[in-house]
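Structural overview for review
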Amino acid sequence: MKKGDHKLIQALNRSKVLNKIRTEGPISRIDLAKKNNISPSTVAAAVQELIKDGYVVEIGTGSSSGGRKPILLQFNPNNHYLFAVAITNSLIILAAMNLEASILKKVTFPIDGLQGKELVDRLLQLTDDFIRSYGGGGQCVGISVTVPGIVADTQGVVYYNTKLRMVNVPLKRIMEERYGLRVWVENDMNSVALAERRFGNYAYSNLIYISIGDGLGSGILINDNLLRGKHGGAGEFGHTSVNWNGIRCECGNIGCLDTSISWVAIYSRIITAIATGRPTLIQELSGGDYAKIDPSMYKEALRRGDRLALSINEEVAEHLGAGIVNLVNMFNPEALILGGEMALGNEELLAMVRTYIERHAMPILANDMVFGLASLGADDKLIGAAAVLLQDLFGFSLIEASI
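Only a predicted model underlies this, so the values are computations on that prediction, with no experimental measurement involved. In this numbering scheme, every chain counts its residues from 1 along its sequence in written order. For a predicted model such as this one, the threshold for reporting local features is a pLDDT of at least 70, and the threshold for listing and counting side-chain atom pairs is 80 or more; totals across whole chains, interfaces and linings nevertheless cover every residue. Calculated side-chain values reflect all of the structure's heavy atoms, with hydrogen atoms and water omitted.

Details of the overall build of the protein chain
The criterion, for reference: Helix numbering and strand numbering both begin at the N terminus, where a helix is a DSSP run of H or I of at least 4 residues and a strand a DSSP run of E of at least 2. Just to be clear, the radius of gyration here is over C-alpha atoms, and the globule rule we use is 2.2 Å times residues to the power 0.38. The buried label applies to any residue whose accessible area, calculated with a 1.4 Å probe on protein chains only, is under 20% of its type's maximum; exposed applies above 50%, and partly exposed to all values in between. In what follows, a contact means two residues having at least one pair of non-hydrogen atoms within 4.5 Å. Here the positive residues are Lys and Arg and the negative ones are Asp and Glu; neither His nor the chain ends is included. To locate a charge, take atom NZ for lysine, CZ for arginine, CG for aspartate or CD for glutamate.
Scanning the protein chain for helices and strands turns up 15 helices and 16 strands. On C-alpha atoms alone, the protein chain measures out to a radius of gyration of 24 Å, which is about the 22 Å that the 2.2 N^0.38 rule sets for 403 residues. Its C-alpha atoms put the protein chain at 80 × 50 × 40 Å along the principal axes. With 403 residues in all, the protein chain has 47% of them scored as buried. Considering only intrachain contacts with a sequence separation of at least 6, the fraction spanning at least 24 residues in the protein chain is 62%. Taking the average place of the 39 positive charges on the side chains of the protein chain and the average place of its 41 negative ones, the gap between the two points comes to 7 Å.

What to know about the packing of aromatic side chains
Aromatic ring pairs are defined here through the distance separating the ring centres and the angle between the ring planes. Note the threshold: In summary, the pairing rule links any two rings of Phe, Tyr or Trp, Trp by its six-membered ring, whose centres are within 6.5 Å, and it sorts them by plane angle into stacked for under 30 degrees, edge-to-face for over 60 and tilted for everything else. Any Lys NZ or Arg CZ that is within 6 Å of a ring centre and within 35 degrees of that ring's normal is treated as a charge sitting over the ring.
Going through the model one piece at a time under the given rule, you end up with 8 aromatic pairs. When the ring of Phe75 is compared with that of Phe394, the centres are 5.5 Å apart and the planes differ by 85°; the resulting orientation is edge-to-face. Taken together, the residues Phe75 in strand β3 (residues 71-75) and Phe394 in helix α14 (residues 380-394) connect sequence positions 319 residues apart. Exposure class is identical for Phe75 and Phe394. Each is buried. Each member of the aromatic cluster is reached from another via a ring pair, and the members are Tyr81, Phe83, Phe130 and Tyr134. Seen from the ring of Phe75, Arg22 lies directly overhead, with NZ or CZ sitting 5.7 Å from the centre. Looking at Arg122, its charged tip hangs above the ring of Phe109, at a distance of 5.7 Å from the centre.

What to know about the pattern of salt bridges
We count it as follows: Salt bridge criterion: a side-chain nitrogen from Lys or Arg within 4 Å of a carboxyl oxygen from Asp or Glu.
Across all of its chains, the model carries 19 salt bridges by this definition. Ionic pairing is found between Glu58 and Arg29, a salt bridge with its closest N-O pair at 2.7 Å. You can see Glu58 sitting in strand β2 (residues 56-61) and its partner Arg29 sitting in helix α2 (residues 29-36), a full 29 residues away along the chain. One salt bridge in this structure joins Asp121 and Lys117, with 2.9 Å as the shortest N-O distance. In this pair, Asp121 and Lys117 both sit in helix α4 (residues 116-133), 4 residues apart, roughly one turn of the helix. Asp121 sits in the partly exposed class, given a relative accessible area of 38%.

Put into structure tokens, the structure is as follows:
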């Protein structure tokens with residue numbers, strides 16, 4: 001056996017053992033050998049390394065079926081930590097997280113209209129300050145960054161983001177050279193799709209996550225693999241055209257979904273309605289300060305039965321439903337999840353889109369599809385960033401193992 005082959009098998013066995021401890025621990029060495037179908041000596045060697053590296057601890061003895069009681073092993077998520085950075089179109093959120101994607105410390109900053117190089121400089125300054133201020137013990141396993149737009153995950157390059165004006169930004173290289181840590185860079189929607197699968201309520205190998213917020217995007221899992229496309233641009237759901245008579249989008253196309261149902265589009269519709277004298281509770285809730293109008297205020301008006309809000313919600317459901325039916329007919333997912341500020345807490349939107357799917361999607365593809373709201377809450381993008389790093393850390397990379 002070649003040296004590289006031996007190292008490859010060692011890495012695979014270590015990964016299998018660690019993941020079994022993570023998912024089924026506390027567990028004994030003998031049960032690890034049986035469940036992974038590998039020899040006790042191989043398990044012993046892998047466990048010894050994992051204990052030495054701090055990923056696994058012994059927590060006592062289990063029951064015996066005869067002979068000496070087995071020593072139980074358990075995953076230790078707090079001996080290491082990671083830094084997660086979630087960039088949205090309006091915020092930069094930084095967190096230190098343990099190896100179960102639990103937040104240890106979090107800070108949030110507005111982007112304040114920064115774009116391009118100025119935004120990257122601001123990101124680095126904030127990351128400098130956060131890393132310097134974090135006093136957690138243990139060992140850092142790396143930094144994971146999520147950003148909207150077209151991202152090449154392997155190279156860690158943000159190829160294109162229309163709103164943030166990020167074009168061909170080699171974020172992975174920039175941050176690895178600056179911090180001396182391994183850095184992951186991933187599209188934000190891909191990361192949340194992965195997180196809903198690993199940490200949320202949707203344990204399905206084929207799922208689609210759609211977010212409606214500042215923009216509109218999606219992450220698509222097929223047979224437990226993220227659909228990326230050649231340049232990392234798969235899932236740009238917001239830039240699918242639904243109305244050739246619509247307005248021009250920032251991407252240059254006409255009638256994109258993003259121009260119809262993102263919060264930016266909805267906010268514009270609300271302001272236009274108020275300016276033309278249409279009565280709405282939103283004006284009362286904002287106290288006449290239109291800068292205060294946000295998705296939570298819009299959803300409060302929905303709850304109170306405001307006619308303008310209800311009318312807009314129906315339009316959003318119609319456009320969104322049409323787009324989702326295309327996805328259902330194309331990908332036949334086991335689960336489809338709605339997330340983002342416009343969807344969370346908006347049960348009426350969920351119900352209307354569900355009705356649209358039932359009426360228009362191919363029945364054989366939609367009848368048993370799980371359709372629901374996102375389960376990870378307001379920190380979904382941070383959990384998504386952690387999920388990207390943790391999948392790679394605890395998964396099995398043929399490229400790395402063969403070096």
